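# Geometric and topological summary
Now for the letters of each chain:
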Amino acid sequence: MRDHQRRFLDLALARDVLRFGEFTLKSGRISPYFFNAGRFDSGLAQAVLGRCYADALLASGLGFDVLFGPAYKGIPLATALGVALAADGRDVPLAFNRKEAKVHGEGGMLIGAPLEGRRVLIVDDVITAGTAIREAIATIAAAGGTPCGVLIALDRQERGQAGTRSAAQEVTAEFGVPVVAVAGLDALLAYADERPELAEHRDRLLAYRAEYGSA
């Protein structure tokens, strides 16, 4: 497990973003853990999270020109990443979308840096069914940009309702863009090995992966 993954999971556990127990997901599956990125709800949490995103991005070697945060959760996440990259000396353009088109002032669906002719990296929290990512890709393409990748916080690495691929794998297969996660279920299992207080949850995590894990 990489250092940024450990720091990310430390933060997620401390902020109650990552919880263990019994949770019914939208899919109807009973999961032994739940991840709620909305609990990264302070300036310090966003600063640490942005650094974790930046380290995961740098480790991936993925090239890009603009950061794009899909409304709504992607907006602070892309901003936190942009601030972390600026601290490293790289000032990158940033854009995001509105949910509804603005009909006065500057109008339109997009705010921030132009996307036309640029490689655009989508920054979000998780990929569940992939709907939000598909919408973001369509928005970027309509603005003349080229989606070059997706950066998320957590990849549950579980297959969708049909087939054996995960939502992240389906996005890559459909659009040809890589999906990079700060951490995935594999890292979470390794993390549980390091934390004695999480030992009681490890068998349930393994059982869940055995039943629903992607190929």
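Here, the structure is the one placed above.
Residues numbered from 1 in each chain as written. Predicted model: local features only at pLDDT ≥ 70, side-chain atom pairs only at ≥ 80, totals over all residues. Heavy atoms only, no water.

### Digging into the nonpolar core
F8, F35, F40, Y53, L81 and L121 are the most contacted members of the largest nonpolar core, which has 44 residues in total. When residues of this core are assigned to their parent elements, the largest contribution, 7 residues, is made by helix α2 (residues 43–60). Aside from chain neighbours lying at most four places away, what touches Y53 is L77, L81, V123, D124, D125, L151, I152, A153 and V182. Among the nonpolar cores identified, the runner-up in size contains 18 residues, and V66, I127, A136 and V177 belong to it. (Core = buried A, V, L, I, M, F, W, Y, C linked by side-chain atoms within 4.5 Å. Buried < 20%, exposed > 50% of the residue type's maximum accessible area, 1.4 Å probe, protein only. Helix = DSSP H or I, 4+ residues; strand = E, 2+ residues; numbered from the N terminus. Contact = heavy atoms within 4.5 Å.)

### Details of the side chain of D155
By the element assignment, D155 lies in strand β7 (residues 146–155). Here D155 is buried and forms no salt bridge, its nearest opposite-charge partner R156 lying at an N-O distance of 7.9 Å. Discounting residues that sit within four places of it in the chain, D155 has contacts with A168, A181, A183, G184 and L185. (Lys, Arg positive; Asp, Glu negative; His and termini not counted. Salt bridge = Lys/Arg side-chain N within 4 Å of Asp/Glu carboxyl O.)

### Some points on the packing of α2 against helix α3 (residues 74–87)
Contact geometry of α2 with α3 gives a least axis separation of 8 Å together with a crossing angle of 75 degrees. With respect to each other, α2 and α3 are oriented roughly perpendicular. Along the contact surface, α2 presents Q46, L49, G50, R51, Y53, A54 and L57, while α3 presents P76, L77, A80, L81, A84 and L85. Here the residues of the contact of α2 with α3 are counted per class, giving 10 nonpolar, 2 polar and 1 charged. (Axes fitted to C-alpha atoms, helices over the stretch in contact; angles between N-to-C directions. Parallel < 35°, antiparallel > 145°, perpendicular 65-115°, else oblique. Nonpolar A, V, L, I, M, F, W, Y, C, P; charged D, E, K, R; others polar.)

### Topic: helix α7 (residues 199–212)
Between the first and last C-alpha of α7 there are 21 Å, a value that for 14 residues agrees with the 20 Å anticipated at 1.5 Å per step. Of the surrounding elements, those touching the buried residues of α7 are β1 (18–24), β2 (30–35) and α6 (185–194). (Expected span 1.5 Å × (residues − 1).)

### A few points about the packing of aromatic side chains
A full pass over the atoms with the stated rule returns 5 aromatic pairs. Taking the centre distance of 6.0 Å and the plane angle of 45 degrees together, the rings of F8 and F35 count as tilted. Taken together, the residues F8 in helix α1 (residues 3–14) and F35 in strand β2 connect sequence positions 27 residues apart. By the ring-pair criterion, three or more aromatic residues cluster together here, those being F8, F35 and F40. (Phe/Tyr/Trp six-rings, centres within 6.5 Å; stacked < 30°, edge-to-face > 60°.)

### Quick word on α3
Between the first and last C-alpha of α3 there are 20 Å, a value that for 14 residues agrees with the 20 Å anticipated at 1.5 Å per step. Of the residues making up α3, those classed as buried are G74, I75, L77, A78, A80, L81, G82, A84 and L85. Looking at the residues trailing α3, positive phi occurs at G89, about 95 degrees.

### Digging into unusual backbone geometry
Geometrically, the link from A71 to Y72 is a cis peptide bond, its omega value of 5 degrees lying close to zero. Positive phi, normally seen in glycine, also occurs at D16, with a value near 65 degrees. Here D16 is to be found in the loop between α1 and β1. For Q157, which is not glycine, the phi dihedral falls at a positive 55 degrees. You can see Q157 is positioned in the loop between β7 and α5 (167–175). Assessed through its relative accessible area of 23%, Q157 is described here as partly exposed.

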